[in-house]
Amino acid sequence: MNKNILHSTPWNACVNIVLVMVLYSICRLLFIVGNMDIFGGTFSSTDVQNIFGGGLLFDFSAVCYTNILYLVLLLFPYHKKETPRYRKWVKTLFIVVNTFCLVLNLSDSVYFAYTKHRTTAAIFDQFGNEDNLLSIIGIEAVSHWYLFIVAGIFIYVLYKGYREYIPAHRTQKAYYGRQIISLALLTAVFIMGMRGASLWNKTRPIAMSDAFLYAPQPIHASAVLNTPFAILRTATGKPMETPVYFQNFSEVEALYSPIHIAKDSATVRKKNVVILIVESFAQEFIGSLNTHLDNGTYKGYTTFADSLLPHCLTWEQTFCNTGFSIDGMPAVLSSIPRMDKPFVLTPFALNDVNSLVKCLGDWGYNSAFFHGANRESLGLQAFAKRIGFDACYGREEYVADARFGGEKDYDGNWGIWDEPFLQYYCTKMNEMKQPFITTIFTLSSHHPFVLPKEYQDVFLEEGLYPLHKCIRYTDNALRLFFQKAAEQDWYKNTIFVLTADHASSRTTHDEYKTEVGAFRVPIFFFDPSGELPVGKMAGVAQQIDIMPTLLHYLGYPKDFFAFGKDLLSDPAPWAMNWDRIPQYIWGDYVLQFDGREVMALYDYKKDPLLKQNLKGKLPVEAEMTQRFKAFIQTYMERMKANKVKDTSPFNGGKNEEI
């Protein structure tokens, strides 16, 4: 190759970009190795080729986005900038920007264990008001010290491996010609790279969903992606486009409708409603729901929940609609599932939405929301006020109440320990006029998984995950709460709902690591009066079903809007969730659908590890696809038309005649 080319500015720029690409691939390797237990074991050679080969497309896109300024500064045609000082400044920019991106990738090799997907721009909104993140990050940094060494090696490699360009001493005419042509050519390459290197014929830029094309299983899509790409692709905050699967909206309504009609013959039961949303309280932790695990020897970590279950109503299959805390309340209290991103972080959050709290408030109920963290934490209190709670109680209110332990009950990370805050919760309900609806969102079973001093010798580390001892602690806190509640005069006239915000980030059994198992949470309905049937009913339940089920059971006298179904009267065995990939469950089957085409179909009962893809082999696939399309189109059209509260006729988002 010509010596002048090897020392030219564009050639050295390309070499530097290739160096960064190599480091991205090393990050991917560390990401996979560090999360091998989540990915479910070994990869075949074909899997490795697909993941790393496909990953190059996303890496190149991210590298092009983040280095476009470097490219412009390097090749911008202005001869007076060609000084050693300027070249040093450009080199520093290159190293700083790419070090930051590589550190993001390394950080996700740790954070992925808690989210099960790459970090997106939503994290800046989700945790924007937390004042404890630095301390938590510090704890993780100490326990993952080796990543600092890797980051240091990356910085050294970038510094030593950076190819310095050598300006050729030619005429200004030759200089400007070379710089303009080089800038134009490399800019074209960068733009193509941003859109998705080898996907020249695509009408849209490469998207996160394209990672599923190279992933053996949906969870492996995170290994194909990289963190800078995920953040950049989700930074706009725009909601997904509204798909038009059906031209005639009557076809949609025949398959799915979110309108719930009041029943003339309904029995009115104006009972109190107490909803307990327990942080990370996954189904896997409840021994009585997993009698088949470990050859029948599995005991779980929830002695109290196991004792409560025989007195509750639940269903054979119970699921959450998301993998994030921030989505739990919209699902449970407003029957609004997460779609492509958290509901509260989309423009739709400003819609006039319905809620269980608003419906019961209009019916004469008093209401209060409880969460032991600061008021701004995760935006939970903001959403609570948004959907109509009369009052909200958090860490500040707890500390101000002289009857309780004040700041000494602060866990040092998130808020008030579950045990004292649940006792406070019960006490505050004694002060409320009946009927009332209250909700508590617990927090002690959350990272960094610590316990109060008095319980550190009671619930010991068991050698698997630190979360387990916290689940035992929270389960015991629930026991003490119900013990105190049973002594109150409102107890017998109350229906309790126990569920989780999402499943656990830490699982020990393979069936809970799948795209179905990762969404399994308990949904218990408990009526101390005995009016509600008990036992495990056939069917499929999900978080968004809680609101319509309660309203119908209480005999709510008006029509209402909810995306979920009434579990006591609607036999349709469906559920949906949307995290890594949109999923639709119908009976024994789960359909994975990326919005355009079916990715997979599994019989999750017979094939709990989702090993056998039945796509194209069963007639049920067509029906499930149509039903899921109807749900998605209904959700998006109603959200965009701000028609997610009233029950008036809807024409599919078309302008109504005036």
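Here, every reference points to the structure presented above.
A short tour of the structure in this document, coming up. (Residues numbered from 1 in each chain as written. Predicted model: local features only at pLDDT ≥ 70, side-chain atom pairs only at ≥ 80, totals over all residues. Heavy atoms only, no water.)

1. Side note on the sheet that holds strand β11 (residues 574-578)
Here is the rule: Two strands are counted as paired when DSSP detects at least two bridges linking them. A run of H or I in DSSP counts as a helix once it spans at least four residues, and a run of E counts as a strand once it spans at least two, with each numbered from the N terminus. Under this scheme, a helix contributes an axis fitted over its contacting stretch, all axes are lines through C-alpha atoms, and angles between N-to-C directions fall in the 0 to 180 degree range.
If you trace the four strands from one edge of the open sheet to the other, you get β11-β12-β13-β14, paired in antiparallel fashion. Looking at strand neighbours, the two that pair on one side only are β11 and β14 (598-603), the edges of this open sheet. Here the strands of the sheet are splayed against their neighbours by 15° on average, with no regard to which way each runs. Two strands pair when backbone bridges link them, and strand β13 (residues 589-593) and β14 are joined in this way by five bridges, in the antiparallel orientation. The partner of Phe 593 across the bridge, within β14, is Val 598.

2. A closer look at the pairing of strand β2 (residues 272-278)
Quick reminder of the rule: For each residue, the accessible area found with a 1.4 Å probe, counting protein chains only, is set against the maximum for its type, and the residue is called buried under 20%, exposed over 50%, and partly exposed in between.
Of all the seven residues making up β2, seven are buried; the element is thus mostly covered by neighbouring parts of the structure. What you see with β2 is no split at all: Asn 272, Val 274, Leu 276 and Val 278 on one side and Val 273, Ile 275 and Ile 277 on the other are buried throughout. As judged from the seven bridges shared by β2 and strand β7 (residues 494-500), these two strands associate in the parallel manner. Bridging from a neighbouring strand, Val 274 pairs with Phe 496 of β7. Pairing of β2 with strand β6 (residues 436-441) involves five bridges; the strand directions are parallel. Bridge pairing links Val 273 to Ile 437 in β6.

3. Here's the deal with the packing of helix α4 (residues 45-66) against helix α10 (residues 172-196)
Our working definition: Angular relationships are summarised with four words: roughly parallel below 35 degrees, roughly antiparallel beyond 145, roughly perpendicular across 65 to 115, and oblique for the angles in between. Left-handed describes a crossing in which the near helix is turned anticlockwise from the far one by less than a right angle; the clockwise case is right-handed. Note on contacts: a residue pair qualifies if any of its non-hydrogen atoms lie within 4.5 Å across the two residues. Only Asp, Glu, Lys and Arg are considered charged, only Ala, Val, Leu, Ile, Met, Phe, Trp, Tyr, Cys and Pro nonpolar, and every remaining residue, Gly among them, polar.
Look at α4 against α10: their axes get within 7 Å of each other, and the N-to-C directions meet at 130°. Classified by the angle between their axes, α4 and α10 sit oblique to one another. In the packing of α4 onto α10, the handedness of the crossing is left-handed. Counted together, Phe 60, Ser 61, Cys 64 and Tyr 65 of α4 and Val 189, Phe 190, Gly 193 and Met 194 of α10 form the full contact between these two elements. Looking at the contact of α4 with α10, its residues break down into six nonpolar, two polar and no charged.

4. Examining the pattern of salt bridges
Basically, it comes down to this: Here a salt bridge means any side-chain nitrogen of Lys or Arg lying within 4 Å of a carboxyl oxygen belonging to Asp or Glu.
Scanning all chains against the criterion turns up 23 salt bridges. A salt bridge links Asp 327 to Arg 338; the nearest nitrogen and oxygen atoms lie 3.0 Å apart. One end of the pair, Asp 327, is in helix α15 (residues 325-334); the other, Arg 338, is in the loop between α15 and α16 (356-362), with 11 residues separating them in the sequence. Arg 338 matches Asp 327 in its accessibility class, with the two residues each being buried. Its salt-bridge partner being Lys 408, residue Asp 409 comes within 3.5 Å of it at the nearest N-O pair. Under the relative-accessibility criterion, Asp 409 is labelled buried at 11%.

5. Thoughts on the packing of helix α19 (residues 418-430) against helix α20 (residues 467-485)
Here α19 crosses α20 at 25°, and the two axes come no closer than 9 Å. Considering their axes alone, α19 and α20 lie roughly parallel with respect to each other. For the pair α19 and α20, the sense of crossing is right-handed. Here Asp 418, Glu 419, Pro 420, Leu 422, Gln 423, Tyr 425, Cys 426, Thr 427 and Met 429 of α19 lie close against α20, whose contacting residues are Tyr 473, Thr 474, Asn 476, Ala 477, Leu 478, Leu 480, Phe 481, Lys 484 and Ala 485. The residue inventory of the contact of α19 with α20, partitioned by class, reads 11 nonpolar, four polar and three charged.

6. Comments concerning α10
Residues lying three or four places apart along an α-helix face the same way, a consequence of the helix completing one turn every 3.6 residues. Stated precisely, the cut-off is as follows: Each helix should span, by expectation, one fewer than its residue count multiplied by 1.5 Å.
Taking 1.5 Å per residue as the helical rise, α10 with its 25 residues ought to reach 36 Å, and the 36 Å between its terminal C-alpha atoms agrees with that figure. Along α10, the residues classified as buried are Tyr 175, Arg 178, Gln 179, Ser 182, Leu 183, Leu 186, Phe 190, Gly 193, Met 194 and Gly 196.

7. Overview of a nonpolar patch on the surface
Inclusion rule: What goes into a patch is any residue over 30% in relative accessible area without a salt bridge, connected to like charges within 9 Å or, for nonpolar side chains (Val, Leu, Ile, Met, Phe, Trp, Tyr), within 5 Å. Here, Shrake-Rupley sampling with a 1.4 Å probe gives the accessible areas, and only protein chains in the shown set may cover a residue.
Together, Trp 145, Tyr 146, Phe 148, Ile 149 and Ile 153 make up an exposed nonpolar region whose accessible area comes to about 580 Å². In this structure, Phe 148 sits in helix α9 (residues 146-161). Taking the relative accessible area as the measure of exposure, Phe 148 reaches 55% and is therefore exposed.

8. Comments concerning α9
Heads up, the rule is: Note that the arc is computed from the directions linking the helix axis to the C-beta atoms.
The first and last C-alpha atoms of α9 sit 22 Å apart over 16 residues, in line with the 22 Å expected at 1.5 Å per residue. Residues of α9 that are buried include every one of Leu 147, Val 150, Ala 151, Phe 154 and Leu 158, and no others. The buried residues of α9 occupy an angular sector of 100° when projected down its axis, which confines them to one face. Residues of α9 that are exposed and angled more than 90 degrees away from the buried face: Phe 148, Tyr 156, Tyr 159 and Lys 160.

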